[in-house]
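Here is how the chains run, residue by residue.
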Amino acid sequence: MKLRNILALGLGGAALAALLVEPSLAQTPAPEAAAVPAAAPVPAKGDTAWMLISSALVLLMTVPGLALFYGGLVRTKNMLSVLTQVFAIACIVCLIWVFFGYSLAFTNGGGLNDFVGGFSKAFLKGVDPTTTAATFSNGVVIPEYVYICFQMTFAMITPGLIVGAFAERMKFSALIVFCILWVTLIYFPMAHMVWYWGGPDAVGNAAKALAAATDDAAKKAAQDALDAVNADAGLLFKLGALDFAGGTVVHINAGIAGFVGCLMLGKRIGYGRDLLAPHSLTMTTIGASLLWVGWFGFNAGSNLEANGTTALAMINTFVATAAAAVSWLFVEWAVKGKPSLLGMLSGAIAGLVAVTPAAGFAGPMGSIVLGLVAGALCFVMCSTVKNALGYDDSLDVFGVHCIGGILGALATGILVNPDLGGAGIPDYTTKPGELVVGAYDMTAQLITQAKAVGLTLLWSGIGSAILYKLVDVTIGLRVTQEEEREGLDIADHGERAYNY
């Protein structure tokens, strides 16, 4: 016991001596942890789930929505041909998109970056379950595969819209070749010009670096970096054109291509003389209803995340569609004496088209006004103007999609005004790292929107005419008169939609 006491006393004395000799050992605080770089944003499960659902909804718009809508509007002998055309286009474009379409639309194109991307992500090179794509909020991302799928469904439906302009008279082989060329040379560049940019974090981080710069040299370097980030975008995006979900990229683009096609193929046999009535408005109603449901993915999904702007796009897609359907219904009732189901359905599609570019920018009351105008305007275009000019746009692709898209694109420049209930112009640099409402000039924005409309009309109109001509001299665009009279179901596909 005595020995243990001596050892304990000795150890205690040694510890006390150590504290007295080097007090800093006891008083020095623990070293501070080294600064840790900010973690990369991680996709939220809610945003990811919403975008997966939105992608499926846009596919629903194409098959079966668009296929049934168009199929019901043609004659019985051409029903199966329209279903086949829409389904085949969707499948072929799906594959082209992952081969090189996504890369051409959403990567840097070097010297041609204003107009088209490059091949750095051809065959989805460098994409895996861990890579992400930017949304419109700082620090918010989604899995890149989800973004690829969502944008793929847009590419799949857009050339399918063109089919309605020359339905019942174009060769299936010619249509497939034309659509492959069209998505490659017209659609992918348009998507790049309107929607390609570095994302909010790239802009925000560069703006933060500029704000933190202290000397002239550092400020110049930071400004050059910010300018480079802003320059890495498509031409129309850099101009400030607003297109929330595809007024230019989808509707004007497809609408003018269809119009050029119907002019170059000529009128259907018996147009203006024989009855060319829809064979099943029941099918058309089912298709139109599916289009409206799917359009929530189209418009609300274009926000790329689940938040208040997504809800704004959704309610706008409700009210603009209803307003346009009611508008067409009552205008037609006043002019022709009877309200038609086909008119109401056409009005609903016109409202969906018109609100597409404005969905996340306009307020609900502005969207209702837009829908009312769209229904009336598209009715006039599809009846009075079409009859006066005498062109055979079989299913009114030009009158609804192109004209409705032009109206929506221009109206977006007005309805985005916060004073009119709009969401305002997005600004990522005034408060680096935050999305705030930027300065708004109605005249300047309308001019920008008009430039976007004009470029789309020229790019797609002239480009499509060249492609139609190329296909015509190599394959031939139109079926023979005998095949047209027999119907494309049998002539092109050897089967019928209905066997009684």
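Residues numbered from 1 in each chain as written. Predicted model: local features only at pLDDT ≥ 70, side-chain atom pairs only at ≥ 80, totals over all residues. Heavy atoms only, no water.

## Re the nonpolar core
So, point 1. One finds Trp97, Met170, Phe178, Trp182, Tyr187 and Phe298 to be the most contacted residues of the largest nonpolar core, which totals 107 residues.
So, point 2. For this core, the element with the highest residue contribution is helix H6 (residues 172–195), accounting for 14 residues.
So, point 3. Residue contacts for Phe178: discarding those within four places in its chain leaves Ile162, Met170, Ser464, Leu467, Tyr468 and Val471.
So, point 4. Counting 8 residues, the second largest nonpolar core, distinct from the first, contains Ala354, Ala358, Leu407 and Leu415. (Core = buried A, V, L, I, M, F, W, Y, C linked by side-chain atoms within 4.5 Å. Buried < 20%, exposed > 50% of the residue type's maximum accessible area, 1.4 Å probe, protein only. Helix = DSSP H or I, 4+ residues; strand = E, 2+ residues; numbered from the N terminus. Contact = heavy atoms within 4.5 Å.)

## A word on the pattern of salt bridges
So, point 1. Summed over the entire model, instances satisfying the criterion amount to 10 salt bridges.
So, point 2. Of the charged contacts, one joins Asp392 and Arg169 as a salt bridge, the two residues approaching to 3.7 Å between their closest N and O atoms. Residue Asp392 is found in the loop between helix H14 (364–389) and helix H15 (397–415), and its partner Arg169 is found in the loop between helix H5 (144–162) and H6; the two are separated by 223 residues along the sequence.
So, point 3. Of the residues examined, Asp392 reaches a relative accessible area of 2% and is grouped as buried.
So, point 4. When the shortest N-O distance is used, the salt bridge between Arg268 and Asp392 registers 2.9 Å. Of this pair, Arg268 sits in the loop between helix H10 (247–265) and helix H11 (281–300) while Asp392 sits in the loop between H14 and H15; the two residues are 124 residues apart in sequence, bridging distant segments of the chain. For the residue pair Arg268 and Asp392, the accessibility class agrees, reading buried in each case. (Salt bridge = Lys/Arg side-chain N within 4 Å of Asp/Glu carboxyl O.)

## A few points about a nonpolar patch on the surface
So, point 1. Residues Leu95, Phe99 and Phe123 make up a contiguous nonpolar surface patch of roughly 330 Å² in combined accessible area.
So, point 2. Relative to the elements of secondary structure, Phe99 occurs in helix H4 (residues 79–106). (Patch = residues over 30% accessible without salt bridge, like charges linked within 9 Å, V, L, I, M, F, W, Y side chains within 5 Å. Areas by Shrake-Rupley, 256 points an atom, 1.4 Å probe, with all protein chains shown as cover.)

## Re the confidence of the model for the protein
So, point 1. Per-residue pLDDT for the protein has a mean of 93; in total, 92% of the residues score no lower than 70.
So, point 2. Under a pLDDT of 50 for its full length, residues 1–35 has, in the predicted model, 1 contact with residues more than four places off or in other chains. (pLDDT = per-residue confidence, 0-100.)

## Topic: the packing of aromatic side chains
So, point 1. Counting across every chain of the model gives 28 aromatic pairs.
So, point 2. Aromatic side chains Phe115 and Trp459 sit 6.3 Å apart centroid to centroid with 5 degrees between the ring planes, which places their arrangement in the stacked category. Highlighted residues: Phe115 in the loop between H4 and strand E1 (132–134) and Trp459 in helix H16 (residues 442–474), separated in sequence by 344 residues.
So, point 3. The exposure class of Phe115 is partly exposed, given its relative accessible area of 34%. (Phe/Tyr/Trp six-rings, centres within 6.5 Å; stacked < 30°, edge-to-face > 60°.)

## Here we look at the side chain of Ser103
So, point 1. Mapped onto the elements, Ser103 comes out in helix H4.
So, point 2. Accessibility expressed as a relative area gives 1% for Ser103, which makes it buried.
So, point 3. Polar side-chain contacts of Ser103 include one of 3.3 Å to the backbone nitrogen of Ser120.
So, point 4. Ser103 has contacts with Gly117, Gly118, Phe119, Ser120, Lys121 and Ala122, leaving out every residue within four places of it along the chain. (Polar contact = N/O pair within 3.5 Å; in protein donor to acceptor, adjacent residues only side chain to side chain.)

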